[in-house]
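Summary of the model geometry
One letter stands for each residue in the lines below.
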Amino acid sequence: MTESATRILSLDREEMSELEKELFLKDLKRVTDEYFETEGKASIEVTRSDNGFLVCVLLTARRIKSVKKPQ
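The present account deals with the structure reproduced in this document. Note that this is a predicted model, so its numbers are computed, not measured.

**Points about a nonpolar patch on the surface**
Together, V31, Y35, F36, L59, I64 and V67 line one region of the surface with nonpolar side chains, adding up to about 540 Å² of accessible area. Elements represented by at least two residues in the nonpolar patch include exactly α2 (18-35) and β2 (52-64). Relative to the helices and strands, L59 resides in strand β2. Using a relative accessible area of 34% as the deciding quantity, one classes L59 as partly exposed.

What follows is the structure, given as structure tokens:
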């Protein structure tokens with residue numbers, strides 16, 4: 001198998017590892033904390049679909065924060 005084919009196959013996987021999910025949710029939390037007062041941990045579900053993947057992130061928010069337009 002060529003190096004290019006190996007690289008392409010390594011990029012197309014069926015699942016995210018638990019570490020990858022944890023890192024993604026940690027990154028996402030930085031963004032969601034700017035807009036919501038969240039409660040508890042967010043969860044992620046990744047499902048294979050006809051066109052790739054469906055990614056569902058669930059989190060509980062106590063309130064939506066006021067955001068000022070950047071100048």
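**Thoughts on the pairing of strand β1 (residues 36-49)**
Strand direction decides the pairing type here: β1 and β2, joined by 11 bridges, are antiparallel. The residue of β2 that forms the bridge with R48 is F53.

**Notes on α2**
Helix length check: α2 (18 residues) gives 26 Å between terminal C-alpha atoms against 26 Å at 1.5 Å per residue, within 8%. Of all bends in α2, the biggest is about 30°, found at K29.

The rules behind each value
- Residues numbered from 1 in each chain as written.
- Predicted model: local features only at pLDDT ≥ 70, side-chain atom pairs only at ≥ 80, totals over all residues.
- Heavy atoms only, no water.
- Patch = residues over 30% accessible without salt bridge, like charges linked within 9 Å, V, L, I, M, F, W, Y side chains within 5 Å.
- Areas by Shrake-Rupley, 256 points an atom, 1.4 Å probe, with all protein chains shown as cover.
- Salt bridge = Lys/Arg side-chain N within 4 Å of Asp/Glu carboxyl O.
- Helix = DSSP H or I, 4+ residues; strand = E, 2+ residues; numbered from the N terminus.
- Buried < 20%, exposed > 50% of the residue type's maximum accessible area, 1.4 Å probe, protein only.
- Pairing = 2+ DSSP bridges.
- Expected span 1.5 Å × (residues − 1).
- Bend = angle between axes of the 7 residues up to and from the residue.

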